[in-house]
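Notes for the structure review
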Amino acid sequence: MRELELQYKKILSDYVKDQTERTLYIGQNFTRQLIRKNVPPEDVVCMHKNAMQTIFPDAPGELYAAYDFLIEVMVHYGMAHREHQSLLQKQVELQIEMNIATNIQKTLLKTVVPSLKEIDIGMLSIPVRNMNGDYVHFFEDRKDYVSVAVTDVVGKGVPAALCMSMVKYGLETLEYAYKNPSYVLEAINRVIEKGVDDSMFVSMFYGRYDIKNSVFSYASAGHEPTLHYISKENAFHELEAKGLLLGILPEVKYSHYEITLEEGDMVIMMTDGVTEFRTNEELNSREVITSLIAKQKHLSAQQLCIFLHKEIERLQDFKLTDDFTVVIIKK
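Here we summarise the structure given alongside this text. Small disclaimer: the values here were computed from a predicted structure and weren't measured.

Looking at a nonpolar patch on the surface
- A cluster of nonpolar residues, Phe69, Leu70 and Val73, forms a patch on the protein surface that exposes about 280 Å² of accessible area.
- Inspection of the secondary structure puts Phe69 in helix H4 (residues 61–108).
- Here Phe69 falls in the exposed class, since its relative accessible area comes to 60%.

Now the structure itself:
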């Protein structure tokens with residue numbers, strides 16, 4: 001430290017004498033040594049004060065009192081600055097870990113949208129943050145049935161993602177697309193109730209389409225009501241299906257419902273990120289959604305999903321506050 005003080009006094013003295021760009025440049029480069037030696041700001045001010053006392057021994061005492069004040073200020077500034085830098089470093093590390101977790105989640109929860117000639121299926125799921133609290137999973141079985149689970153975890157971030165992984169595990173143990181929707185929900189409920197924290201709850205809509213008979217059967221566990229568009233009536237109806245959220249009680253029974261799909265009919269499954277217009281409470285979200293779909297019902301199921309997202313995002317001033325997930329089955 002003594003050597004640094006002598007160097008600084010020489011640099012300062014030279015600058016005071018001639019005040020050239022060269023001596024200023026030398027002073028600027030001197031800061032690299034201070035950084036390498038990890039010299040805190042308050043010690044730099046103290047170094048400057050000592051050098052000034054040597055160069056200007058006759059300077060008034062009030063000047064050096066001002067330096068003492070600055071040293072005290074720099075002590076607290078230095079502590080706050082180091083804490084801030086530490087927090088920034090931790091934030092960077094957390095962001096790296098979050099990016100890795102997000103990529104793992106995308107890989108683990110990846111699902112393939114079935115491509116069938118009998119029905120047109122579209123799906124769009126966009127998280128509001130890095131980790132998605134919504135999940136869609138499709139099943140196919142011998143081209144006789146296709147099933148879909150639309151899930152929403154009550155919660156965000158990593159805990160929701162971990163819970164979602166358990167949901168997928170439970171679904172994959174039931175890798176049979178022909179299973180009764182009520183049976184699937186009852187089985188998944190037991191898995192979640194045993195393995196998920198009491199503060200985490202899951203809503204799920206499970207639908208099964210019988211390709212040969214054009215019958216869509218479904219059950220719901222506290223999920224957002226699904227819409228059914230009947231082409232011959234040119235009207236939308238809600239598929240009301242009451243059921244307790246998954247993970248609350250170990251033994252819950254879920255009701256099973258059926259509808260028949262005819263040419264041009266659609267089933268629109270959503271999470272509450274689609275229907276809750278938080279930035280404009282005056283709008284009736286259901287009426288907005290049905291109006292948008294009715295105007296563009298000629299589009300493919302995937303195009304409709306994309307169109308719906310763009311329009312709802314625009315209506316909410318591009319400030320969606322929840323994960324956006326929609327699945328459309330079009331006969």
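Structural notes on helix H9 (residues 301–315)
- With 15 residues, H9 should cover 21 Å at 1.5 Å per step; its first-to-last C-alpha distance of 21 Å lies within 8% of that length.
- For H9, the secondary structure elements touched by its buried residues are strand S1 (120–126), strand S9 (266–270), helix H7 (272–275), helix H8 (285–295) and strand S10 (324–330).

Section: the sheet that holds strand S6 (residues 226–230)
- The five strands lie next to each other as S1-S10-S9-S6-S7, forming an open sheet whose pairing is antiparallel. The two strands at the open ends of the sheet, each matched to only one other strand, are S1 and strand S7 (235–239). In this sheet, adjacent strand axes meet at a mean angle of 15 degrees when their direction is disregarded.
- One ladder, built from three bridges, connects S6 with S9; its direction is antiparallel. Bridge pairing links Tyr229 to Met266 in S9.
- Contacting S1, S9 and S10, H9 runs over the sheet at an angle of about 35 degrees to S1.

What to know about the packing of aromatic side chains
- By the definition in use, this model includes seven aromatic pairs.
- Ring centres of Phe216 and Tyr218 lie 6.1 Å apart, and the angle between their planes is 25 degrees; on these two criteria the pair is classed as stacked. Exposure class is identical for Phe216 and Tyr218. Each is buried.
- Measuring from centroid to centroid gives 5.4 Å for Tyr218 and Tyr257, while their planes differ by 20 degrees, and the two rings are stacked. In this pair, Tyr218 is assigned in strand S5 (residues 215–221) and Tyr257 in strand S8 (residues 257–260), connecting sequence segments 39 residues apart.

Quick word on the sheet that holds strand S4 (residues 201–210)
- Spatially, five strands are ordered S2-S3-S4-S5-S8 in an open sheet, and the strand pairing comes out antiparallel. Both edges of this open sheet fall to strand S2 (134–141) and S8, since each of them pairs with a single strand only. For this sheet, the mean inter-axis angle between neighbouring strands, taken without regard to orientation, is 20 degrees.
- Here eight bridges tie S2 to strand S3 (residues 145–154), and the two strands are oriented antiparallel to one another. Paired with Phe139 across the bridge in S3 is Ser147.

A look at the packing of helix H1 (residues 2–18) against helix H2 (residues 21–36)
- Following both chains from N to C, one finds H1 and H2 inclined at 160 degrees, their axes separated by 9 Å at the closest point. Classified by the angle between their axes, H1 and H2 sit roughly antiparallel to one another. Of the two possible hands of crossing, H1 and H2 adopt the one that is left-handed. Residues Leu4, Gln7, Tyr8, Ile11, Asp14, Tyr15 and Asp18 of H1 form the contact with H2, whose own contacting residues are Thr23, Leu24, Ile26, Gly27, Phe30, Gln33 and Leu34.
- The class makeup of the residues in the contact of H1 with H2 is eight nonpolar, four polar and two charged.

Quick word on unusual backbone geometry
- Of note, Gln19 is a non-glycine position whose phi angle comes to about 50 degrees, a positive value.
- Checked against the element boundaries, Gln19 lands in the loop between H1 and H2.
- One non-glycine residue with positive phi stands out, namely Ser214, at about 55 degrees.
- Relative to the helices and strands, Ser214 resides in the loop between S4 and S5.
- Its relative accessible area of 13% is what places Ser214 among the buried residues.

Analysis parameters
Residues numbered from 1 in each chain as written. Predicted model: local features only at pLDDT ≥ 70, side-chain atom pairs only at ≥ 80, totals over all residues. Heavy atoms only, no water. Patch = residues over 30% accessible without salt bridge, like charges linked within 9 Å, V, L, I, M, F, W, Y side chains within 5 Å. Areas by Shrake-Rupley, 256 points an atom, 1.4 Å probe, with all protein chains shown as cover. Salt bridge = Lys/Arg side-chain N within 4 Å of Asp/Glu carboxyl O. Helix = DSSP H or I, 4+ residues; strand = E, 2+ residues; numbered from the N terminus. Buried < 20%, exposed > 50% of the residue type's maximum accessible area, 1.4 Å probe, protein only. Expected span 1.5 Å × (residues − 1). Contact = heavy atoms within 4.5 Å. Pairing = 2+ DSSP bridges. Axes fitted to C-alpha atoms, helices over the stretch in contact; angles between N-to-C directions. Phe/Tyr/Trp six-rings, centres within 6.5 Å; stacked < 30°, edge-to-face > 60°. Parallel < 35°, antiparallel > 145°, perpendicular 65-115°, else oblique. Left-handed = near helix turned anticlockwise from the far one by under 90°. Nonpolar A, V, L, I, M, F, W, Y, C, P; charged D, E, K, R; others polar.

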